[in-house]
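Coordinate inspection notes
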Amino acid sequence: MSSLEQVKVLLGISGEDRDALITEILDLTQSRLLSLIAQETVPEELGYIVTEAAVRRFNRIGSEGTSSHTVDGESMTWAEDDFAPFMDDIQRWRDAHGSAAGRKVVFL
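This one's a predicted model, so the numbers in the text were calculated from it and none came from an experiment.

The subject of this paragraph is helix α3 (residues 47-59). Given 3.6 residues per turn, any residue in an α-helix points the same way as the ones three and four places further on. The end-to-end C-alpha distance of α3, which contains 13 residues, comes to 19 Å, matching closely the 18 Å that a straight helix rising 1.5 Å per residue would cover. Taken together, the buried positions of α3 are occupied by Ile49, Val50, Thr51, Ala53, Ala54, Val55 and Phe58. Residues of α3 that are buried make contact with α1 (3-11), α2 (19-37) and α4 (87-97).

Let us look at the environment of valine 55. Relative to the helices and strands, valine 55 resides in helix α3. Residue class for valine 55 comes out buried when judged on its relative accessible area of 12%. Separated by 49 residues in the primary sequence, valine 55 and glutamine 6 place their C-alpha atoms 9.5 Å from one another. Filtering out sequence-adjacent residues up to four positions away, valine 55 remains in contact with Val7, Leu10 and Leu11.

This next bit is on the packing of α1 against α2. For any two helices packed against each other, the geometry is given by the interaxial angle and the distance between the axes. The N-to-C vectors of α1 and α2 enclose an angle of 115°; their axes lie 10 Å apart at closest approach. On the basis of their axis angle, the class for α1 and α2 is roughly perpendicular. As α1 runs across α2, the sense of the crossing is right-handed. Within the contact between the two elements, α1 uses Ser3, Leu4, Val7 and Lys8 and α2 uses Asp19, Ile22, Thr23 and Leu26. Split into classes, the residues belonging to the contact of α1 with α2 amount to four nonpolar, two polar and two charged.

With the rule as written, the count across this model stands at four salt bridges. Measuring nitrogen to oxygen at the nearest pair gives 3.2 Å for the salt bridge that ties aspartate 81 to arginine 32. Placement of the pair is aspartate 81 in the loop between β2 (74-77) and α4 and arginine 32 in helix α2, with a sequence separation of 49 residues. The exposure class assigned to aspartate 81 is partly exposed, which follows from its relative accessible area of 26%. When its relative accessible area of 34% is taken as the criterion, arginine 32 is described as partly exposed.

A separate point is the packing of α2 against α3. Close contact between α2 and α3 brings their axes to 9 Å; oriented N to C, the two are set at 125°. In terms of their interaxial angle, α2 and α3 are classed as oblique. Viewed along their axes, α2 and α3 form a crossing whose handedness is right-handed. Packed against α2, whose contacting residues are Leu21, Ile22, Ile25, Leu26, Thr29, Gln30 and Leu33, the element α3 presents Ile49, Val50, Ala53, Ala54, Arg57 and Phe58 at the interface. When the residues that make up the contact of α2 with α3 are grouped by side-chain class, the tally is ten nonpolar, two polar and one charged.

Parameters and conventions
Residues numbered from 1 in each chain as written. Predicted model: local features only at pLDDT ≥ 70, side-chain atom pairs only at ≥ 80, totals over all residues. Heavy atoms only, no water. Helix = DSSP H or I, 4+ residues; strand = E, 2+ residues; numbered from the N terminus. Expected span 1.5 Å × (residues − 1). Buried < 20%, exposed > 50% of the residue type's maximum accessible area, 1.4 Å probe, protein only. Contact = heavy atoms within 4.5 Å. Axes fitted to C-alpha atoms, helices over the stretch in contact; angles between N-to-C directions. Parallel < 35°, antiparallel > 145°, perpendicular 65-115°, else oblique. Left-handed = near helix turned anticlockwise from the far one by under 90°. Nonpolar A, V, L, I, M, F, W, Y, C, P; charged D, E, K, R; others polar. Salt bridge = Lys/Arg side-chain N within 4 Å of Asp/Glu carboxyl O.

Shown next, in the form of structure tokens:
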């Protein structure tokens, strides 16, 4: 199943009217993950992060810049960074694969 199809299933979306929006969110999410791991392609074992972070981003449409919202007793809170819940997994992948992303270099 493609990432687009996975996101649509998770969001309960059928039809193609939101495909362009979801595809753009997936592309931006993938680009951000690639920058975090300093790779050119998303490793299969981290692919779920693109899907899950894209769902989080889709659910925030119209609420950009808002960290929480309450209406009639129902409260919603959004994380500032869609990747925060996955940083442990990303760091474990970096450590296992020798990725230099996120490392500091000190010159003496």
